[in-house]
Amino acid sequence: VKSYPNKTKLVVRVPLIPSVTLYQENITAIADKLRELEVSECALLPFNPMGRHSYPPLGREPYDLPKRWLTPDETNMALEWFTSSFDCGNVYLWPQ
């Protein structure tokens, strides 16, 4: 990111997956690293469990991830954790 100033707009997308990435230590570490890299825009992606249904017709094994959506409280908590460490840019939930 630092090597290509003003040449490319980089939007980092961070998946919020229950029991995988949705831990305060993980979210704040990601935010700290992105701040260090001078990333100016980040989208948080609440987990969508719907993709698991497309695997069997494709001959693939379903992945071992949660079968539920994030709650609004979990999403807001992750956004709060992230923005408490990443204070140098635009952070939003995607899709909005």
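Just so we're clear, the structure is a prediction, and the values are computed from it rather than from any experiment.

**Comments concerning the overall build of the protein**
Reasoning step 1: The number of helices and strands found in the protein is two helices and three strands.
Reasoning step 2: Helices and strands appear in the protein in the N-to-C order β-α-β-α-β.
Reasoning step 3: Expressed as lengths along the three principal axes of its C-alpha atoms, the size of the protein is roughly 45 × 30 × 25 Å.
Reasoning step 4: If you take every contact in the protein between residues at least 6 apart in sequence, the share linking residues at least 24 apart comes to 70%.
Reasoning step 5: If you sum the accessible surface of the protein, you get close to 6600 Å²; carbon and sulfur atoms cover 52% of it.
Reasoning step 6: Charge centroids of the protein, computed over 10 positive and 11 negative side chains, lie 9 Å from each other.

**Considerations on the sheet that holds strand 1 (residues 12–16)**
Reasoning step 1: The sheet built from three strands is open, its strands ordered 1-2-3 with parallel pairing. Edge positions in the open sheet fall to strand 1 and strand 3 (90–93), since each of these has one partner strand only. Across the sheet, the mean angle from the axis of one strand to that of its neighbour is 20°, orientation sign disregarded.
Reasoning step 2: Two strands pair when backbone bridges link them, and strand 1 and strand 2 (residues 41–46) are joined in this way by five bridges, in the parallel orientation. By the bridge assignment for strand 2, L16 is matched with P46.
Reasoning step 3: Strands strand 1, strand 2 and strand 3 of the sheet are contacted by helix 2 (residues 72–85), whose axis makes an angle of about 155° with strand 2.

**Comments concerning the nonpolar core**
Reasoning step 1: One finds V14, L16, L34, C42, L44, F82 and F86 to be the most contacted residues of the largest nonpolar core, which totals 16 residues.
Reasoning step 2: Put simply, the parts of the chain that give this core at least two residues each are strand 1, helix 1 (24–36), strand 2 and helix 2.
Reasoning step 3: Sequence-distant contacts of F82, defined by excluding residues within four places in its chain, comprise V14, I27, I30, A31, L34, C42, L44 and V91.

**A short note on the side chain of T28**
Reasoning step 1: Turning to its location among the elements, T28 is positioned in helix 1.
Reasoning step 2: Polar contacts involving the side chain of T28 include one to the main-chain carbonyl oxygen of Q24, which spans 2.8 Å.
Reasoning step 3: T28 has contacts with W81 and S85, leaving out every residue within four places of it along the chain.

**Side note on the packing of aromatic side chains**
Reasoning step 1: Applying the stated rule across the entire model yields one aromatic pair.
Reasoning step 2: A centroid spacing of 5.4 Å and a plane angle of 50° characterise the contact between F82 and F86, whose relative ring orientation is tilted.
Reasoning step 3: Overall, F86 belongs to the buried group, its relative accessible area being 2%.
Reasoning step 4: One cation-aromatic arrangement involves R13 over W94; the distance from NZ or CZ to the ring centre is 4.2 Å.

Conventions and cut-offs
- Residues numbered from 1 in each chain as written.
- Predicted model: local features only at pLDDT ≥ 70, side-chain atom pairs only at ≥ 80, totals over all residues.
- Heavy atoms only, no water.
- Helix = DSSP H or I, 4+ residues; strand = E, 2+ residues; numbered from the N terminus.
- Contact = heavy atoms within 4.5 Å.
- Areas by Shrake-Rupley, 256 points an atom, 1.4 Å probe, with all protein chains shown as cover.
- Lys, Arg positive; Asp, Glu negative; His and termini not counted.
- Charge placed at Lys NZ, Arg CZ, Asp CG, Glu CD.
- Pairing = 2+ DSSP bridges.
- Axes fitted to C-alpha atoms, helices over the stretch in contact; angles between N-to-C directions.
- Core = buried A, V, L, I, M, F, W, Y, C linked by side-chain atoms within 4.5 Å.
- Buried < 20%, exposed > 50% of the residue type's maximum accessible area, 1.4 Å probe, protein only.
- Polar contact = N/O pair within 3.5 Å; in protein donor to acceptor, adjacent residues only side chain to side chain.
- Phe/Tyr/Trp six-rings, centres within 6.5 Å; stacked < 30°, edge-to-face > 60°.
- Lys NZ or Arg CZ within 6 Å of the ring centre and 35° of its normal.

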